[in-house]
Amino acid sequence: MRVGIGYDAHRLVAGRRLVLGGVEIPFEKGLLGHSDADVLVHAINDALLGAAALGDIGVHFPDTDPEYKDIRSIILLERVGELLKNEGFEVLNIDSVICAERPKLSPYIDKMRENIAKALRISKDRVSVKATTTEGMGFEGRGEGISAQAVCLIEKL
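All of the points below concern the structure found in this document. Just so it is clear, the structure is predicted and the values come from calculations on it, not from any experiment.

### Section: the overall build of the protein
So, point 1. Helix and strand counts for the protein stand at five helices and seven strands.
So, point 2. Along the chain direction, N to C, the helices and strands of the protein fall in the order β-β-β-β-α-α-α-β-α-β-α-β.
So, point 3. Along the first, second and third principal axes, the C-alpha atoms of the protein reach 45 × 35 × 25 Å.
So, point 4. Expressed as a percentage of contacts within the protein between residues at least 6 apart in sequence, the contacts between residues at least 24 apart total 70%.
So, point 5. Averaging the locations of the 20 positively and 24 negatively charged side chains of the protein gives two centres separated by 3 Å.

Structure representation (structure tokens):
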């Protein structure tokens with residue numbers, strides 16, 4: 001068995017959609033990035049790739065490649081899932097947390113879990129997504145950005 005950890009953070013800006021866990025969330029700002037900037041999925045991708053010792057999302061999906069401009073990050077997660085499968089790995093579980101002062105994310109958590117599980121072709125009960133705030137501290141607390149962390153457990157078949 002192997003454990004991986006992933007982290008990502010993006011700045012909130014006007015004129016962008018807010019996408020977390022493959023869910024578009026109504027909000028006055030969105031995350032800035034080359035793709036849809038889905039920090040949750042980016043953190044999960046890095047956790048999975050790290051556990052398999054396959055680099056990180058920048059290696060596989062560089063932000064200098066126009067192919068990935070505005071791509072839905074959930075598509076990248078599907079590709080990571082296929083890569084793991086081709087390398088003989090199975091995803092046992094994922095635990096993740098999103099850090100954002102606003103918007104309130106609890107109404108969207110279940111759909112995020114469904115999207116992640118579907119992309120990886122695993123059951124939803126293997127995917128945990130939580131949300132927290134920083135009580136007004138740091139860049140998340142000031143509403144400047146959103147971050148996410150993920151850990152995963154994978155097994156070589």
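The rest of the description comes next.
### Examining the pairing of strand β5 (residues 89-99)
So, point 1. Relative to strand β7 (residues 145-156), β5 runs antiparallel, the two sharing 10 bridges. In the strand pairing of β7, S96 is matched with A150.
So, point 2. In this structure, β5 lies alongside strand β6 (residues 127-132), joined through six bridges in parallel fashion. If you follow C99 over to β6, its bridge partner there is T132.
So, point 3. Taken together, β5, helix α4 (residues 109-120) and β6 constitute a β-α-β crossover, and its handedness is right-handed.

### Here's the deal with unusual backbone geometry
So, point 1. Omega for the bond connecting R102 with P103 falls within 30 degrees of zero, at -5°, which places this linkage in the cis form.
So, point 2. Within the chain, A53 stands out as a residue other than glycine whose phi angle is a positive 55°.
So, point 3. Following the sequence through the fold, A53 ends up in the loop between α1 (39-51) and α2 (57-60).
So, point 4. Located in the positive-phi region is D70, a residue other than glycine, with phi close to 65°.
So, point 5. Take D70: it is sitting in the loop between α2 and α3 (73-86).

### A short note on the environment of L77
So, point 1. Locating L77 in the fold gives a position in helix α3.
So, point 2. Among the residues examined, L77 registers a relative accessible area of 0% and is labelled buried.
So, point 3. Taking the C-alpha atoms as reference points, L77 and A117, 40 residues apart in sequence, are found 9.9 Å from one another.
So, point 4. With near-sequence residues (within four places) excluded, L77 lies in contact with V41, I44, N45, L48, I116, A119 and L120.

### Digging into α4
So, point 1. End to end, α4 covers 17 Å across 12 residues, agreeing with the expected 16 Å (1.5 Å per residue, within 8%).
So, point 2. Every buried residue belonging to α4 is among I109, M112, N115, I116, A117, A119 and L120, and all of these are buried.
So, point 3. Those residues of α4 hidden inside the fold are in contact with β2 (18-20), β3 (23-25), α1, α3, β5 and β6.

Cut-offs and rules
- Residues numbered from 1 in each chain as written.
- Predicted model: local features only at pLDDT ≥ 70, side-chain atom pairs only at ≥ 80, totals over all residues.
- Heavy atoms only, no water.
- Helix = DSSP H or I, 4+ residues; strand = E, 2+ residues; numbered from the N terminus.
- Contact = heavy atoms within 4.5 Å.
- Lys, Arg positive; Asp, Glu negative; His and termini not counted.
- Charge placed at Lys NZ, Arg CZ, Asp CG, Glu CD.
- Pairing = 2+ DSSP bridges.
- Right-handed = clockwise from strand over helix to strand, strands pointing away.
- Buried < 20%, exposed > 50% of the residue type's maximum accessible area, 1.4 Å probe, protein only.
- Expected span 1.5 Å × (residues − 1).

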